[in-house]
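Listed below are the residues making up each chain.
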Amino acid sequence: MATNENLSPNVIKQLAKELKNLDETPPDGIKVIVNDDDFSIIFADIEGPAGTPYENGVFRMKLLLSHDFPQSPPKGYFLTKIFHPNIAMNGEICVNTLKKDWNPSLGLRHVLLVVRCLLIESFPESALNEQAGKMLLENYEEYARHARLYTGIHALKPKSKGAICESTTALNVDQRITESTGKEPLLTTPLSTSSKVPVTNAQDQNASIAPLVEPVVGASAIQKKEGLAVKAQVDKKKIDARKKSLKRL
């Protein structure tokens, strides 16, 4: 069983039971990552609900449990960058269940379901991201376009492996930029590390490989040509020698 100085043995025992239940019968669109060594930090992957700008994206979040949990609510953060009125630029989640409406009897399952529902119905009146909240109230289509853009760039793909660390790293970099400049970083698509010019199809890929092959072919042709030139010089010397021999006769 996990040990944690910040949580009482009874709380750890209850959390172990809840996490086991979440692992065996996960809620729809939610997958909890269990860390048996530390129950004070709980990670979960949230699938973007269908019909929302977050559809086809998977968002990693974490819950931080304090020493007096469950008397005080956990703090929720999105690790995957997301454009949402109730989620701050640093990932902090603003929802009443984790604040004034908290009840010690509420379990982790209920908290995670509330967070996923927040992706379906947001509350722009109490926005942490003022730009998203204002855009949602004034022009939903523009808000949805912006949210889909964030989803396409930052969110993980369903059943994708190995991309979680990349997304989390990107968020940490964005946070450092935000903290130092006070402005949100511009949305950009990742650049290819293998070439300054992106390869878009097989034809372009072959074209990018071709220059690497040409020097080999060129070197072979030069060697062949030089060989022929040397042979011609040897043959000419033989002919000249024969002519001199004939003159002597």
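Identification of the chain as E2 ubiquitin-conjugating enzyme from Ensete ventricosum is taken from an unreviewed UniProt entry. The record held by UniProt for the chain lists under Sequence similarities (unreviewed entry) the comment "Belongs to the ubiquitin-conjugating enzyme family."

A word on unusual backbone geometry
Negative phi is the rule for most residues except glycine; trans is the rule for most peptide bonds. Residues F69 and P70 are joined by a peptide bond in cis, for which omega reads 10 degrees. At N56, a residue that is not glycine, the phi angle is positive and equals roughly 65 degrees. Relative to the helices and strands, N56 is located in the loop between β2 (41-47) and β3 (58-64).

A closer look at the sheet that holds β2
Overall, antiparallel pairing links the 4 strands, which are arranged β1-β2-β3-β4 in an open sheet. Strands at the two margins of the open sheet, each flanked by one partner only, are β1 (30-33) and β4 (75-78). When the angles between neighbouring strand axes are averaged without regard to direction, this sheet yields 25 degrees. Summarising the sheet, β2 and β3 pair through 7 bridges and their orientation is antiparallel. Across the sheet, A44 pairs through a bridge with M61, a residue of β3. Taken strand by strand, helix α2 (residues 108-118) contacts β1, β2, β3 and β4, and its axis lies near 135 degrees from that of β3.

Quick word on α2
Taken together, the buried positions of α2 are L108, V111, L112, V114, V115, R116 and L118. As for α2, its buried residues are in contact with α1 (9-24), β1, β2, β3 and β4.

Some points on the pairing of β3
When a strand is regular, its side chains alternate between the sheet's two faces. Burial analysis of β3 places 5 of its 7 residues in the buried class, the great majority of the element. Note: β3 against β4, 4 bridges, orientation antiparallel. By the bridge assignment, L64 is partnered in β4 with K75.

Observations concerning the nonpolar core
Within the largest apolar cluster, 40 residues are counted, with the highest numbers of intra-cluster contacts made by M61 and F78. Taken together, the elements giving at least two residues each to this core come down to α1, β1, β2, β3, α2, α3 (130-138) and α4 (140-154). No other element matches α2, which puts 6 residues into this core. Leaving out residues up to four positions away in the same chain, M61 has contacts with I42, F43, A44, I46, Y77, F78, L79, I93, L112 and V115.

Notes on the environment of L98
Tracing the backbone shows L98 in the loop between β4 and α2. Leave out the neighbours within four places in its chain, and L98 touches P73, P74, G76 and V111.

Brief notes about the packing of aromatic side chains
Scanning the entire structure with this criterion turns up 6 aromatic pairs. On the numbers, 6.4 Å between centres and 70 degrees between planes, the contact of F59 with F78 is edge-to-face. On the criterion of sequence distance, the pair formed by F59 in strand β3 and F78 in strand β4 is long-range, its members being 19 residues apart. Comparing F59 with F78 shows no difference in burial state: the two are buried. Grouped by ring-pair contacts, the aromatic residues F83, Y140, Y143 and Y150 constitute a single cluster. Between the NZ or CZ atom of K62 and the centre of the ring of Y77, over which it lies, the distance is 5.9 Å.

Calculation notes
Residues numbered from 1 in each chain as written. Predicted model: local features only at pLDDT ≥ 70, side-chain atom pairs only at ≥ 80, totals over all residues. Heavy atoms only, no water. UniProt positions renumbered as here; feature names shortened; annotations may be inferred. Helix = DSSP H or I, 4+ residues; strand = E, 2+ residues; numbered from the N terminus. Pairing = 2+ DSSP bridges. Axes fitted to C-alpha atoms, helices over the stretch in contact; angles between N-to-C directions. Contact = heavy atoms within 4.5 Å. Buried < 20%, exposed > 50% of the residue type's maximum accessible area, 1.4 Å probe, protein only. Core = buried A, V, L, I, M, F, W, Y, C linked by side-chain atoms within 4.5 Å. Phe/Tyr/Trp six-rings, centres within 6.5 Å; stacked < 30°, edge-to-face > 60°. Lys NZ or Arg CZ within 6 Å of the ring centre and 35° of its normal.

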